[in-house]
Amino acid sequence: MQILENNSIRLRALEPEDLKLLYQWENNSDIWEVSHCQKPFSLFVLKQYLENSHQDIYESKQLRLVIELKENNEAIGLIDLFDFDPFHNRAGIGVLLHDKMHRQKGYASEALETLIEYCFKSLQIHQLYCNITTCNQASIDLFCSKNFEITGTKKQWIKSQDGWKDEYLLQLINPKL
């Protein structure tokens with residue numbers, strides 16, 4: 001097994017060919033609340049982002065990987081490390097399966113498991129964390145299934161069209177460090 005593969009998926013680096021997918025996914029206002037985005041991205045900005053995506057995580061403080069189905073090489077989502085802090089040895093983690101038809105099939109679980117293993121074994125990260133609105137039960141269940149623990153609640157943290165939402169902070173400590 002490759003280091004960034006699991007049963008059904010592989011995690012791969014961004015490629016120039018991913019520009020149209022990124023443009024579609026990043027500009028989907030349905031997911032802006034989760035990604036804390038408030039405006040669309042231009043093709044120009046995303047092309048620049050892709051051109052710089054080769055940077056090492058220690059340089060850029062982030063890592064974005066494409067979740068791809070092994071059976072047909074279809075890109076179905078993204079998984080990110082962000083706010084990488086090499087001094088405190090921690091990073092935020094987020095996952096997106098864009099199309100609903102790919103959800104509830106275990107792909108996000110495999111992607112998360114694969115990235116956690118990479119973070120703990122290869123990057124020697126001490127702690128991963130994520131932020132999830134308290135109403136997003138599917139994401140809460142996903143991260144808790146990988147031993148993330150809810151360690152706090154940020155009250156009225158996210159402003160949405162439906163009003164203010166609370167957000168959980170979840171953490172996973174590397175048991176081997």
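Right above here is the structure, for reference.
In this numbering scheme, every chain counts its residues from 1 along its sequence in written order. For a predicted model such as this one, the threshold for reporting local features is a pLDDT of at least 70, and the threshold for listing and counting side-chain atom pairs is 80 or more; totals across whole chains, interfaces and linings nevertheless cover every residue. Processing note: side-chain calculations cover all non-hydrogen atoms of the structure and skip hydrogens and water entirely.

Details of the overall build of the protein
- Helical segments are the DSSP runs of H or I of at least four residues, strand segments are the runs of E of at least two, and each set is numbered from the N terminus. When you go through the protein residue by residue, the secondary structure sums to six helices and seven strands.
- The linear arrangement of helices and strands in the protein, starting from the amino end, is β-α-α-α-α-β-β-β-α-β-α-β-β.
- Each radius of gyration reported is based on C-alpha atoms, and the globular scaling rule is 2.2 Å times the count of residues to the power 0.38. What you see for the protein is a C-alpha radius of gyration of 16 Å, in line with the 16 Å of a compact globule of 177 residues.
- In terms of overall dimensions, the protein has a C-alpha envelope of 40 × 40 × 35 Å along the principal axes.

Considerations on the packing of helix α1 (residues 19–26) against helix α3 (residues 43–51)
- Close contact between α1 and α3 brings their axes to 10 Å; oriented N to C, the two are set at 125 degrees. As summarised for this structure, α1 and α3 are arranged oblique, according to the angle between their axes. The handedness of the crossing between α1 and α3 is right-handed. Residues Leu19, Leu22, Tyr23 and Glu26 of α1 form the contact with α3, whose participating residues are Leu43, Leu46, Lys47, Tyr49 and Leu50.
- Of the residues in the contact of α1 with α3, the class split is seven nonpolar, no polar and two charged. Lines are fitted to the C-alpha atoms to define the axes, a helix being fitted only along its stretch in contact, and any angle between axes, read from their N-to-C directions, falls within 0 to 180 degrees. Should an angle fall under 35 degrees it is taken as roughly parallel, and over 145 as roughly antiparallel, whereas 65 to 115 is taken as roughly perpendicular and any remaining angle as oblique. By convention, the crossing between two helices is left-handed when the near helix turns anticlockwise from the far helix through less than a right angle, and right-handed when the turn is clockwise. It only takes one pair of heavy atoms within 4.5 Å for two residues to be counted as in contact. Residue polarity follows a fixed list, in which Ala, Val, Leu, Ile, Met, Phe, Trp, Tyr, Cys and Pro are nonpolar, Asp, Glu, Lys and Arg are charged, and the others, Gly among them, are polar.

Here we look at the state of the cysteines
- Note on disulfides: each one is a pair of cysteine sulfur atoms within 2.5 Å. Counted under the stated rule, the structure contains zero disulfides.
- Residue Cys144 stays outside any disulfide, its sulfur separated by 8.1 Å from that of Cys130, the closest cysteine.

As for the nonpolar core
- By convention a nonpolar core is built from buried Ala, Val, Leu, Ile, Met, Phe, Trp, Tyr and Cys residues, the set being connected through side-chain atoms within 4.5 Å. Any residue under 20% of the maximum accessible area for its type is buried, any over 50% is exposed, and the rest in between are partly exposed; the area is computed with a 1.4 Å probe on protein chains only. In terms of nonpolar packing, the biggest core is built from 34 residues, with Leu11, Leu81, Ile93, Leu115, Leu128, Phe143 and Phe148 touching the most fellow members.
- Only β1 (9–13), β2 (63–69), β3 (75–85), β4 (90–97), α5 (107–121), β5 (127–133), α6 (137–145) and β7 (163–173) provide two or more residues apiece to this core.
- When residues of this core are assigned to their parent elements, the largest contribution, nine residues, is made by α5.
- Not counting chain neighbours up to four residues away, the residues in contact with Phe148 comprise Ile93, Ile116, Leu128, Tyr129, Cys130, Phe143, Leu170, Gln171 and Leu172.

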